[in-house]
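The residues making up each chain are set out below.
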There are 4 protein chains.
Amino acid sequence: MPALKRTAILLISCPDRPGLVSSVSTFIGNHKGNIVYLDQHVDEENGAFFMRIEWEMDGFELSEEQLNSKFNLEIASESEMTWQLHYNDQPPRAAIFVTKEGHCLYDLLSRHESGELNIQIPLIISNHDSLKQVADRFGIPFHQFSINKENKADQESAEISVLKEHNVDTVILARYMQILSDNFVNHFPNQIINIHHSFLPAFAGARPYHQAYQRGVKLIGATSHYVTADLDEGPIIAQDVIRVTHRESLSDFIRHGRDLEKIVLSRGVWAHSQRKVLVLKNKTVVFS
Amino acid sequence: MPALKRTAILLISCPDRPGLVSSVSTFIGNHKGNIVYLDQHVDEENGAFFMRIEWEMDGFELSEEQLNSKFNLEIASESEMTWQLHYNDQPPRAAIFVTKEGHCLYDLLSRHESGELNIQIPLIISNHDSLKQVADRFGIPFHQFSINKENKADQESAEISVLKEHNVDTVILARYMQILSDNFVNHFPNQIINIHHSFLPAFAGARPYHQAYQRGVKLIGATSHYVTADLDEGPIIAQDVIRVTHRESLSDFIRHGRDLEKIVLSRGVWAHSQRKVLVLKNKTVVFS
Amino acid sequence: MPALKRTAILLISCPDRPGLVSSVSTFIGNHKGNIVYLDQHVDEENGAFFMRIEWEMDGFELSEEQLNSKFNLEIASESEMTWQLHYNDQPPRAAIFVTKEGHCLYDLLSRHESGELNIQIPLIISNHDSLKQVADRFGIPFHQFSINKENKADQESAEISVLKEHNVDTVILARYMQILSDNFVNHFPNQIINIHHSFLPAFAGARPYHQAYQRGVKLIGATSHYVTADLDEGPIIAQDVIRVTHRESLSDFIRHGRDLEKIVLSRGVWAHSQRKVLVLKNKTVVFS
Amino acid sequence: MPALKRTAILLISCPDRPGLVSSVSTFIGNHKGNIVYLDQHVDEENGAFFMRIEWEMDGFELSEEQLNSKFNLEIASESEMTWQLHYNDQPPRAAIFVTKEGHCLYDLLSRHESGELNIQIPLIISNHDSLKQVADRFGIPFHQFSINKENKADQESAEISVLKEHNVDTVILARYMQILSDNFVNHFPNQIINIHHSFLPAFAGARPYHQAYQRGVKLIGATSHYVTADLDEGPIIAQDVIRVTHRESLSDFIRHGRDLEKIVLSRGVWAHSQRKVLVLKNKTVVFS
């Protein structure tokens, strides 16, 4: 793989009005930024405008600081923009949370190792020790925080401290079988990605494959979403399903489901890592 | 298409025990039935056995009456079998119920006309007159029963009378926008096929595309199922989904959804018409 | 359905360069056009830029003639643009070509009748009389042109005359079982939409389901594409597949395939009718 | 996971005739085998019968040797059966062949480690050293055989020796970028599973994603198949596709394709490991 050129990525959301694409792209162009990606979306229902624009820093006239202040002054403030600026060489720093099932963890780590996922993984956190050896194999620090009713608040505080210490900005719940408290969630708004093993909103909550099997559905699914205070209700990033018949047993559901979980979680993490996801209320725009 | 050979189709369900396949197939074979289809399924959880066996009547030694009594006496009674006997030249007699949207109706009628669907359609029933011209084009009697709160029970009774008069044994709800009473449903147990425009159990009830759009799902679906007294809770026969993104508007959901509805309803009706569906509790076995 | 507002649709392709989106959208905006759709695509490999922009004519300051000349003068010529201008109240005038199988025809006609497809269908052409009654039911003129080796050139000339007479700009091959001559194809460049019953490029040519069955594939597909002089080699607009197993017979392939053909052809026709398809070399951009 | 009960698995193919299911299942039953799985298939075109039957060895009256001889004598010979007998505690011994890309290897190894894949993996073979560290992490011996035109025959002979030495009966080509000679293939008939990164028969041969990108397809796929002397022409075990649009670049094709390759290869290996695949001519029966 050739070395990637350094780029800046600007994510914008604001009330829709004419001329937004033009004003932003002209601003970048005027400062000699070579635009390599531009996509936008208008949510008609909410009158909301979303945009992702990426350009090469090589030859761009503004420093990071100048870019921040000038863009704010000249473009963002008059259009009431909410905006984030990222650089492709400053990828998300993600902690992976796991419990006992390793398929999503392996999948993420092998994608990371191959360079497919542009993230840094400073640590893995678990409430069990089952997957420590997987972390060891990949040389990633493994932190165990056993959780029970009594210690949950304290352990979460300890986790948050470790995460802050490692400058973690993204939490990936790779089949982590604990419900995070509202307090924890509030520390990472739209930064915690969960995989739920059903096509939400069907079969929210515990044991979705069992629920699906009891209901006799002909499709099973998986959903990756940002975690909010409402369990399994956060903005959906990716979903997929596969077909099942009466021939599939519950254990077949679970086996096929693992494939879905891996793929759907990694799609969510990939989009997040590429700075391609914007959230409005409880919905996502996922640029392609 | 060549003329089909006359066949008998036997559908069996009973408690699982060894030797069931052998005893049934030996019975047919001993009476010189040439078996052209045999499939069976064991539901491990419920200890239940299901079987579909089809054989040519040409050369078969038993008359329909003899078959009924001998099979019952020699095979079915000792294994506590529930069984149905059908003949491929006595297809289901189906009434199609519609309201205003014609896509499923057109789809069913054109499949019927091409010979794809082995059903008879003695009549179409609607609570509106919008689709009368479609019925007229295909030369199928159209009966209108306007429904309101006051007349619902009476109109349903009148509908039931008409259905019985026409020896209807199958009711297809092809986007019929009225909820059938329990009384009506009880007249046609596992004989009413509905199309619901979501991947149930998600988005049961009214306006599922609106619900799906609000929730921000990345897949929309459709479900065909037998109607029971519990709305949208009956045994699922077929389901399918298609992918959507933030680019699709609510009207795109509805447009794509029509394709799903047509296909998924017709799959359900096809399986039913081929006598390939068996029901246990709230789940189906759909033989291929 | 509410009456649609009158809109203009501009389709552009040209060599990629900075500022294209900005210059076009500014031009429309300056003349008080309210933009309701804007999407663009850059084909990196070919350095090609594609754009679809749609705006309301209500309040727009330029007449159709003024728009043509001014856009050409001020924008298009300097950027070497190839462009088309359409209006949503001047939909494609499409002739549907059929042979004996009616499923795609019924599907198109019922979509047309429901208002889903914004096209006019002045006539149906066939080399057989089998589907005349379908045309009659929908009140659409049916023209039969029997084709054999001897008369093919003459019959095609006659067809072209009829098509020109009816101002037909789009030809839909809805399971038309004749190969069009190069001469015919050249009269309608990227205006003839065919449905091929395989996932091209697999199983081009005759009897694709038989080929698929012999090869033992686990998926069957359908492809809608523009027709070019090279059989089954034209630019692909839409494709889809469904899963099959060893249980499916050849006739099951054909039955499932009909569903694919209907859906995939109508997706192609819909995109074409919405002026959402642009062609570069042998590939399409299909805006969403 | 509870300890699995020991079972025997019998795979049968023979000319179709009445009574085959009955005679085999009666034979097992008479010797007190508790049947836990029975599926059969009739290939009408070839008049061929296929069956997979599995029963618990606990309580079964025949030893392995007695079973072999008695089944042959009493059942198999008179029906001209080709048959294989397997035991679930004697899983396939598989060598994984790789080159530089690790996604399929990681996927197989993590499935193996979690117990999902009932295979033994005595060694990994590669023509490069890139993935040695992956083998090391999982503690599996890694053998490197560099291949060039001059040494190919010798190196393959050496590979075959190593495989025989380790009692390998299954070869998994997990993105192995060398073409095996006919001689090698003939040592492992229907025992070499390859993953090809297209929906065969489209895009056989080299660089299928490049071919797909050039052709402008709207779906990309992957195929797992048994390797025969004809490159990419062997019996297909599993296939899957995902949708792409003009927005996806070639590198997106490759990235999405890796997910397909992992899933489709593992489905093929799973079915093979469960002794669920039977081959007739160039097609497979894959029992569910």
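Definitions and cut-offs
- Residues numbered from 1 in each chain as written.
- Chains lettered and ligands numbered in written order.
- Predicted model: local features only at pLDDT ≥ 70, side-chain atom pairs only at ≥ 80, totals over all residues.
- Heavy atoms only, no water.
- Helix = DSSP H or I, 4+ residues; strand = E, 2+ residues; numbered from the N terminus.
- Rg over C-alpha atoms; globule rule 2.2 N^0.38 Å.
- Buried < 20%, exposed > 50% of the residue type's maximum accessible area, 1.4 Å probe, protein only.
- Contact = heavy atoms within 4.5 Å.
- Lys, Arg positive; Asp, Glu negative; His and termini not counted.
- Charge placed at Lys NZ, Arg CZ, Asp CG, Glu CD.
- Buried area = accessible area lost by both parts, 1.4 Å probe.
- Salt bridge = Lys/Arg side-chain N within 4 Å of Asp/Glu carboxyl O.
- Polar contact = N/O pair within 3.5 Å; in protein donor to acceptor, adjacent residues only side chain to side chain.
- Nonpolar A, V, L, I, M, F, W, Y, C, P; charged D, E, K, R; others polar.
- pLDDT = per-residue confidence, 0-100.
- Least-squares fit on C-alpha atoms with pLDDT ≥ 70 in both.

**Q** Explain the overall build of chain A here, please?
**A** The helix and strand tally for chain A stands at 8 helices and 13 strands. Compactness check: chain A gives a C-alpha radius of gyration of 21 Å against a globular reference of 19 Å for 288 residues, within 12% of the reference. Residues counted as buried form 59% of the 288 residues belonging to chain A. Pairs at least 24 apart in sequence give 67% of the contacts found in chain A among residues at least 6 apart. The averaged location of the 36 negative side-chain charges in chain A is 7 Å from the averaged location of its 28 positive side-chain charges.

**Q** What is the right way to look at the interface of chain A and chain B in this model?
**A** Interfaces are often sized by the accessible area lost when the parts come together. Counting residues at the interface gives 35 residues for chain A, matched by 35 residues for chain B. Surface buried jointly by chain A and chain B totals about 3,000 Å² across both partners, of which 48% is contributed by carbon and sulfur atoms. Of all residues in chain A, the largest losses of buried area upon contact with chain B belong to A:Arg215, A:Lys218 and A:His246, amounting jointly to 24% of the total for that side. At the junction of chain A with chain B, the criterion picks out 4 salt bridges. On the surface where chain A and chain B come into contact, there are 22 residue pairs in polar contact (both at pLDDT 80 or more). For the side of chain A that touches chain B, the secondary-structure elements that each account for two or more residues are β2 (34-43), α7 (208-215), β11 (236-243) and β13 (283-286) of chain A. A per-element tally of the side of chain A that touches chain B places β11(A) first, with 7 residues. When the residues that make up the side of chain A that touches chain B are grouped by side-chain class, the tally is 15 nonpolar, 9 polar and 11 charged.

**Q** Can you help me understand the confidence of the model for chain A in this one?
**A** When pLDDT is low, close inspection of the predicted coordinates is not appropriate. On average, residues of chain A score 95 in pLDDT, and 99% of them reach the 70 mark or higher. Quick note on the complex model: pTM equals 0.96, ipTM equals 0.95.

**Q** Please clarify how the pattern of salt bridges should be interpreted in this entry.
**A** For side chains of opposite charge, pairing can occur when their charged atoms come near one another. Within this structure, the stated rule accounts for 76 salt bridges over all chains. A salt bridge links B:Glu54 to B:Arg52; the shortest N-O distance between them is 3.1 Å. Note on accessibility: B:Glu54 and B:Arg52 belong to one class, buried. For the salt bridge of C:Lys5 with C:Glu56, the shortest nitrogen-to-oxygen distance reads 3.9 Å. Of this pair, C:Lys5 sits in the segment before β1 (7-15) while C:Glu56 sits in strand β3 (residues 48-56); the two residues are 51 residues apart in sequence, bridging distant segments of the chain.

**Q** Hey, could you run me through the relation of the copies chain A and chain D in this one?
**A** Two chain copies here: they are related by a rotation about an axis and a translation along the same axis. Take chain A, turn it by 180°, move it 0.0 Å along the axis, and it overlays chain D with an RMSD of 0.0 Å. What the rotation and shift describe, once combined, is the action of a two-fold rotation axis. Scanning chain A for the C-alpha nearest the rotation axis identifies A:Arg137, at a separation of 2.9 Å.

**Q** It is not clear to me how the relation of the copies chain A and chain B should be interpreted in this structure. Could you clarify?
**A** Superposition record for chain A on chain B: RMSD 0.0 Å, screw rotation 180°, translation along axis 0.0 Å. Most of the interface of chain A is mirrored in chain B, where 100% of its interface residues are also at the interface.

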